[in-house]
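Structural characterization, general
Letter by letter, the chains look like this.
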Amino acid sequence: MDINHAMNRLLHYAKLHGMITREDRYYAANSLLDLLHADSFEPEEDIDEELPTAAPILKDMLDYAIQKGVIEDTQEQRDIFDTRLMDCVMPRPSEVIRRWNNDYARSPRAATDEFYKLSIASNYIRKERVDKNIVWQTATPYGDLDVTINLSKPEKDPKDIAAAKKQAASGYPKCLLCRENEGYAGRIGYPARKNHRLIPIRLAGHRWFMQYSPYTYYNEHCIVLNRRHIPMKISRRTFENLLDFVTILPHYFLGSNADLPIVGGSILTHDHYQGGRYTFAMAKAPIEKSYSIKGFENIHVGRVKWPMSALRLRADYDDRDDLIDLAAKILKKWRTYSDPSVDILAETDGEPHNTITPIARRNGEGYELDLVLRNNRTTPQYPLGIFHPHADVHHIKKENIGLIEVMGLAVLPARLKEEMAHLGDELVKGTPDISGMEDIAKHADWYQMLSKKYPGVTNDSVERVLKEEIGKVFLRVLTDAGVYKRDEQGMAAFDRFVESLQED
């Protein structure tokens, strides 16, 4: 292939997307020559294509690098090398921060708009992969739940797995959320971040960093990470940080995973939050019962109509400190609160079980803080957690219910794409039993229910049916994770907890 033309296409793309200027062209071209083991560069002035992402250009350049023996033809080595190619046409971190500050002076929304565009243009967010995710909504009594089958993470290549075993162990960076990832070249088994940029933000007087998630499960999905590698911890400081963030970026929400295993996210070792510009079903859910807490009469408190157990606190801008005080009071009370009548024990054998998943957003000029009550206790009957998806829904969702799921978005494993295609075929054919089919046997009981409920399902309707029923399973997952069940006994127990907040 004509590598000179490919280089010119990438330089044109980078200039078009504001990553370089004309004055940077030869510097960037020489960096590309070095990486590609190419000999010379000749500028081309007649390129006028407009591409939304660099992926097609990078594919040609990767094919060239493989042909020349620069890299091996594995997905992981392609992913490492294409970030190096993009870094040749990327602005330095200081320049990205300078642009952010200039854009923020115009408006917070202008700052996030431009930074998000850069994160896509730089191929840090691999949009062509994210767009492959299967996404839909399912109507429920609690609103439209979001469901996505995540296809954006590539499968491991056996060559990469073998190479990783031979590679010396490294503790740098300590984890995927450390600020040291910015510009990191990557290695087999650890993603490259040469095209990664961070924005420094001060929360409660401390230095944090904002980035976008490379997997973007929803619009402008951002991650806010502590500059230090310290464990997740929900505390008064958490509420201060969340409210500071939505003060700085009032068009975004920000929430935190819980800080205990089972009910927390996949990374508990590095303090971080997740936010973005998206309105989840939970944010739209109404208050079904209001409360007044003694000493905090200026804070509106309500129980959210939601399958998980959530209190919503609303405050005017000037009452922000009181909002933080009340949230801290609720957290402190919940940490030690037990109600054996509904299986809630604050601790067993000295191991704490109660924590909170908090989410902050602006409500007009004021603030809104959702506090979702969590408990991670296990029993012999529920070894993965009493308030965790139960065994009969593990065929769809077995993983922890973290912040994203709590708000109403199911992130489901890629295996479901092929499994649902096969299951759907059997459903249309009217196959009486699938328990002998290895790839979908895990769905056998669910399949029996579906075949009775939809005896005349057709090729035209089976996809819609399966999506709707998967959405209903997700609703069951959220119900399982709720500490107070949505029946008379559960709601009475919820009210008892709120009543306990009246105590000094």
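Note: the structure precedes this text.
As a starting point, this report considers the structure included with it.

The rules behind the values
Residues numbered from 1 in each chain as written. Predicted model: local features only at pLDDT ≥ 70, side-chain atom pairs only at ≥ 80, totals over all residues. Heavy atoms only, no water. Helix = DSSP H or I, 4+ residues; strand = E, 2+ residues; numbered from the N terminus. Buried < 20%, exposed > 50% of the residue type's maximum accessible area, 1.4 Å probe, protein only. Contact = heavy atoms within 4.5 Å. Patch = residues over 30% accessible without salt bridge, like charges linked within 9 Å, V, L, I, M, F, W, Y side chains within 5 Å. Areas by Shrake-Rupley, 256 points an atom, 1.4 Å probe, with all protein chains shown as cover. Salt bridge = Lys/Arg side-chain N within 4 Å of Asp/Glu carboxyl O. Lys, Arg positive; Asp, Glu negative; His and termini not counted. Charge placed at Lys NZ, Arg CZ, Asp CG, Glu CD. Pairing = 2+ DSSP bridges. Axes fitted to C-alpha atoms, helices over the stretch in contact; angles between N-to-C directions. Left-handed = near helix turned anticlockwise from the far one by under 90°. Nonpolar A, V, L, I, M, F, W, Y, C, P; charged D, E, K, R; others polar. Phe/Tyr/Trp six-rings, centres within 6.5 Å; stacked < 30°, edge-to-face > 60°. Lys NZ or Arg CZ within 6 Å of the ring centre and 35° of its normal.

This paragraph deals with the side chain of Glu426. Following the sequence through the fold, Glu426 ends up in helix H13 (residues 415-429). Residue class for Glu426 comes out buried when judged on its relative accessible area of 6%. Leave out the neighbours within four places in its chain, and Glu426 touches Thr431, Ile434, Met437, Ile440 and Tyr447.

Let us now look at the environment of Leu403. Following the sequence through the fold, Leu403 ends up in helix H12 (residues 403-406). Judged by its relative accessible area of 1%, Leu403 falls in the buried class. Considering only alpha carbons, one finds Leu403 and Lys452, 49 residues apart in sequence, at a separation of 35 Å. Look past the residues within four positions of Leu403 in its chain and what remains in contact with it is Gly255, Ser256, Asn257, Gln274, Thr357, Pro358 and Ile359.

This paragraph deals with a positive patch on the surface. A cluster of basic residues, Arg202, Arg207, Arg227 and Arg228, forms a positive patch at the surface. Examined against the element boundaries, Arg227 turns out to sit in the loop between strand S5 (222-226) and helix H9 (236-248).

This part covers the pattern of salt bridges. Enumeration over the complete set of coordinates arrives at 49 salt bridges. A salt bridge links Glu49 to Arg9, with the nearest nitrogen and oxygen atoms 2.7 Å apart. One end of the pair, Glu49, is in the loop between helix H2 (25-36) and helix H3 (55-67); the other, Arg9, is in helix H1 (residues 3-16), with 40 residues separating them in the sequence. Glu49 gets classed as partly exposed once you look at its relative accessible area, which sits at 24%. Across the pair Glu182 and Arg179 runs a salt bridge, and its minimum N-O distance is 3.2 Å. You can call Glu182 buried: its relative accessible area is 17%. Residue Arg179 is classed as partly exposed on the basis of its relative accessible area, which comes to 27%. Beyond isolated ion pairs, a larger network of salt bridges with shared partners links Asp79, Asp82, Arg126, Glu128 and Arg129.

Judged by pairing direction, the sheet is mixed, and its three strands sit side by side in the order S1-S2-S15 without closing on themselves. With one partner strand each, in any of the chains shown, strand S1 (134-140) and strand S15 (409-412) form the two edges of the open sheet. The average angle at which neighbouring strand axes cross in this sheet is 20 degrees, direction not considered. As paired strands, strand S2 (residues 143-149) and S15 are joined by four bridges and run parallel to one another. When the sheet's bridge partners are listed, Thr148 is paired in S15 with Val411. Sitting on the sheet, helix H15 (residues 462-481) touches S1, S2 and S15, and the angle it makes with S1 is about 70 degrees.

What follows is about the sheet that holds strand S3 (residues 199-203). Across the sheet, ten strands lie side by side as S3-S4-S5-S7-S6-S13-S14-S10-S9-S8; this open sheet has antiparallel pairing. The open sheet is flanked by S3 and strand S8 (287-291), the only strands paired with a single partner. Strand-to-strand twist in this sheet, taken as the mean axis angle between neighbours without regard to direction, amounts to 25 degrees. In this sheet, strand S7 (residues 272-276) lies alongside strand S6 (residues 253-255) in antiparallel orientation, the contact comprising three bridges. Bridge pairing links Leu254 to Gly275 in S7. Across the sheet, helix H6 (residues 108-121) lies against S3 and strand S4 (206-212), angled at about 55 degrees from S4, the strand it touches most. Along the sheet face, helix H16 (residues 488-500) touches S8, strand S9 (300-304), strand S10 (310-315) and strand S14 (366-375) and points at about 35 degrees away from the line of S8.

Attention now goes to the pairing of S4. Residues in a regular strand project their side chains so that they alternate between the two faces of the sheet. For S4, the buried fraction is high: five of the seven residues fall into the buried class. One ladder, built from five bridges, connects S3 with S4; its direction is antiparallel. Opposite Ile199, over in S4, you have Met210 as the bridge partner. The hairpin formed by S3 and S4 contains two residues between the paired strands, and Ala204 there has a positive phi angle of roughly 50 degrees.

Orientation of H1 relative to H3, taken along the N-to-C sense of each, is 145 degrees, at an axis distance of 10 Å. Between H1 and H3 lies a crossing whose hand is left-handed. In this structure, H1 uses Ile3, Ala6, Met7, Arg9, Leu10 and Tyr13 to contact H3, whose residues at the interface are Ile57, Asp60, Met61 and Tyr64. Of the residues in the contact of H1 with H3, the class split is eight nonpolar, no polar and two charged.

This paragraph deals with the environment of Asp259. Assignment of secondary structure puts Asp259 in the loop between S6 and S7. Since its relative accessible area comes to 11%, Asp259 is described here as buried. On a C-alpha basis, the gap between Asp259 and Leu32 in space is 44 Å, while along the polypeptide they are 227 residues apart. In this structure Asp259 touches Met232, Lys233, Ile234, Leu268, Arg335 and Thr355, once residues within four positions along its chain are discounted.

What follows deals with the packing of aromatic side chains. Under the definition given, this model contains 19 aromatic pairs. Taken together, a centroid distance of 5.9 Å and an interplanar angle of 80 degrees make the contact between Tyr26 and Phe41 edge-to-face. Pair noted here: Tyr26 is in helix H2 and Phe41 is in the loop between H2 and H3, with a separation of 15 residues, a long-range link. Accessibility expressed as a relative area gives 12% for Phe41, which makes it buried. On the basis of an interplanar angle of 35 degrees and a centroid distance of 6.2 Å, the ring pair of Tyr218 and Tyr278 is categorised as tilted. Residue Tyr218 is located in the loop between S4 and S5, and its partner Tyr278 is located in the loop between S7 and helix H10 (281-284); the two are separated by 60 residues in the primary sequence. Among the aromatic side chains, those forming a connected cluster through ring pairs are Trp100, Tyr104, Phe115, Tyr116 and Tyr212. Sitting above the plane of the Phe494 ring, Arg303 keeps its charged end 5.9 Å from the centroid.

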